[in-house]
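Spelled out from the first residue to the last, the chains are:
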2 protein chains.
Amino acid sequence: MFTPKPIGFVRSHYTRTEEIPKGLGAKHEAEGVLDILPEFGDGLTDIEGFSHLFVIWEFDRSEGFKLLGTPPSDDRPHGVFATRSPRRPNPIGLTVVELLSRGGLLLHVRGVDMLDGTPILDIKPYLSGVPQEALKRGWLAEAEARKGK
Amino acid sequence: MFTPKPIGFVRSHYTRTEEIPKGLGAKHEAEGVLDILPEFGDGLTDIEGFSHLFVIWEFDRSEGFKLLGTPPSDDRPHGVFATRSPRRPNPIGLTVVELLSRGGLLLHVRGVDMLDGTPILDIKPYLSGVPQEALKRGWLAEAEARKGK
């Protein structure tokens, strides 16, 4: 397989995982910066036309993986692929951010849930979403219902 | 950084990239299977409750990367991070699929745009989408407008 390399790093106000909102109803409104390395700068051409981006990044401070775990949103264990746990077989994170502005190699974004210094692996344009009414949210919807949310 | 490892492989009808619908208005309705390796099976616990999944995978038949390229949807070049080109600094693909059913280690899904045998790196639940009216689609919207779509 390929050898991952950072294309840049996240600049965020979060320095410890405890600071990042988690669990049911967690809102990710924090602003931050995607600071892209100069050698990949040409890859940003025309990105400013998109309102939302997928950011694929490395959970670089996560160790090992756990196939079953109890997420902050529930008191019951679920499979890692049915959660957003950082302890994954491949420690890859995925965040949808809103692109607020671009200044050269810096993308100012809203919706950051990564720690400061997180290595970025890829950025892709967000082109369409699944309508809310077509979504089933499994154990998370059940956990919300149990908590009366 | 971490060393990627497959958690499973895509079973798809596509054996050549030419067969995969591309460009403006491409619909991905193809069904396929996410065939998960037995040692990661426990990670699928409760996944069947979700209607849609993010699949993160490797462009394993793509070589090298190109920071600027002309996608099939346009006749003008754009930065790789503003496109879904396979020739990325980290050859990581991202697809949203609809989960049709699960049979043990096999996830039957709709919306496959990967080649048969593609290594899967991660699966995550799709929890919410950005509403269509909040999306700006940059050069893609412009290219569509130019082509009268």
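See the structure above.
Note that this is a predicted model, so its numbers are computed, not measured.

Another aspect to go through is the environment of threonine 45 of chain B. One can find threonine 45 of chain B in the loop between β2 (31–36) and β3 (52–58). Separated by 59 residues in the primary sequence, threonine 45 of chain B and glycine 104 of chain B place their C-alpha atoms 9.8 Å from one another. The residues contacting threonine 45 of chain B, other than those within four sequence positions of it, are Leu68, His78, Gly79 and Ala82 of chain A together with Arg102 of chain B. A distance of 2.6 Å separates the side chain of threonine 45 of chain B from the backbone oxygen of aspartate 42 of chain B, its partner in a polar contact.

We now examine the pairing of strand β8 (residues 119–125) of chain B. Residue and element names in this part refer to chain B. Most of β8 is tucked away, with 7 of its 7 residues classed as buried. Alignment of β3 against β8, held across 5 bridges, turns out to be antiparallel. The partner of isoleucine 56 across the bridge, within β8, is aspartate 122.

The subject of this paragraph is the pairing of strand β6 (residues 92–103) of chain B. Residues and elements named next belong to chain B. Looking at chain direction, β3 and β6 are connected through 7 bridges and run antiparallel. Residue pairing across strands places glutamate 58 opposite isoleucine 92, the latter belonging to β6. Following β6, the chain reverses through 2 residues before pairing antiparallel with strand β7 (residues 106–110); glycine 104 in that reversal takes a positive phi of roughly 60°.

Chain A puts 61 residues into the contact, and the matching count from chain B is 61 residues. Here chain A meets chain B over a buried area of about 5700 Å², counting both sides, of which 66% is carbon and sulfur. For chain A, the biggest contributors to the area lost against chain B are Met1, Phe2 and Phe81 of chain A; these three give 15% of the whole. For the pair chain A and chain B, the interface holds 2 salt bridges. Between arginine 88 of chain B and aspartate 122 of chain A there is a salt bridge, with its nearest N and O atoms 2.6 Å apart. Our enumeration of links across chain A and chain B arrives at 33 residue pairs in polar contact (both at pLDDT 80 or more). Of all the elements in the fold, those that place two or more residues in the side of chain A that touches chain B are β3 (52–58), β5 (78–79), β6 (92–103), β8 (119–125) and α1 (138–146) of chain A. The leading source of residues in the side of chain A that touches chain B is β8 of chain A, at 6 residues. Here the residues of the side of chain A that touches chain B are counted per class, giving 35 nonpolar, 15 polar and 11 charged.

Let us now look at α1 of chain A. Residues and elements named next belong to chain A. Among the residues of α1, Gly138, Trp139, Leu140, Ala143 and Glu144 are the ones counted as buried. Next to the buried residues of α1 lie β5. At the C-terminal side of α1, glycine 148 shows a positive phi close to 70°.

An order of β1-β2-β7-β6-β3-β8 (chain A) is seen for the 6 strands of this closed barrel, with the pairing classed as antiparallel. Averaged over all neighbouring strand pairs, the angle between strand axes comes to 45°, with direction disregarded.

Quick look at unusual backbone geometry now. Residues and elements named next belong to chain A. Look at aspartate 46: it is not a glycine, yet its phi comes out positive at around 75°. With respect to the element layout, aspartate 46 can be found in the loop between β2 (31–36) and β3. Given a relative accessible area of 25%, aspartate 46 falls into the partly exposed group.

Time to look at the relation of the copies chain A and chain B. The two copies are related by a screw operation: chain A maps onto chain B through 180° of rotation and 0.0 Å of translation along the axis, at an RMSD of 0.0 Å. What the superposition gives is, in effect, a two-fold axis relating one chain to the other. Residue glycine 129 of chain A of chain A places its C-alpha closer to the rotation axis than any other residue of that unit, at 2.3 Å. Comparing contact sets, 100% of the residues at the interface of chain A also lie at the interface in chain B, consistent with an isologous, same-surface contact.

With that settled, the discussion passes to the sheet that holds β3 of chain B. Taken together, 6 strands build a closed barrel; the order of strands is β1-β2-β7-β6-β3-β8 (chain B) and the barrel is antiparallel. Across this sheet, the average inter-strand angle for adjacent strands is 45°, counted without regard to direction.

Turning our attention to the pattern of salt bridges. All names here are of chain A. This structure, assessed with the given rule, holds 26 salt bridges over all chains. Close ionic contact of glutamate 48 with arginine 102 constitutes a salt bridge, the shortest N to O distance being 3.1 Å. On the criterion of sequence distance, the pair formed by glutamate 48 in the loop between β2 and β3 and arginine 102 in strand β6 is long-range, its members being 54 residues apart. By relative accessible area, glutamate 48 is classed as partly exposed at 46%. The exposure class assigned to arginine 102 is partly exposed, which follows from its relative accessible area of 31%.

A few words on the side chain of serine 51 of chain B. Relative to the assigned elements, serine 51 of chain B resides in the loop between β2 and β3. Polar side-chain contacts of serine 51 of chain B include one of 3.4 Å to the backbone oxygen of alanine 134 of chain A. With residues up to four places along the chain from it excluded, the contact list for serine 51 of chain B reads Ala134, Leu135 and Lys136 of chain A together with Val97, Glu98 and Leu99 of chain B.

How each quantity is defined
Residues numbered from 1 in each chain as written. Chains lettered and ligands numbered in written order. Predicted model: local features only at pLDDT ≥ 70, side-chain atom pairs only at ≥ 80, totals over all residues. Heavy atoms only, no water. Helix = DSSP H or I, 4+ residues; strand = E, 2+ residues; numbered from the N terminus. Contact = heavy atoms within 4.5 Å. Polar contact = N/O pair within 3.5 Å; in protein donor to acceptor, adjacent residues only side chain to side chain. Buried < 20%, exposed > 50% of the residue type's maximum accessible area, 1.4 Å probe, protein only. Pairing = 2+ DSSP bridges. Buried area = accessible area lost by both parts, 1.4 Å probe. Salt bridge = Lys/Arg side-chain N within 4 Å of Asp/Glu carboxyl O. Nonpolar A, V, L, I, M, F, W, Y, C, P; charged D, E, K, R; others polar. Axes fitted to C-alpha atoms, helices over the stretch in contact; angles between N-to-C directions. Least-squares fit on C-alpha atoms with pLDDT ≥ 70 in both.

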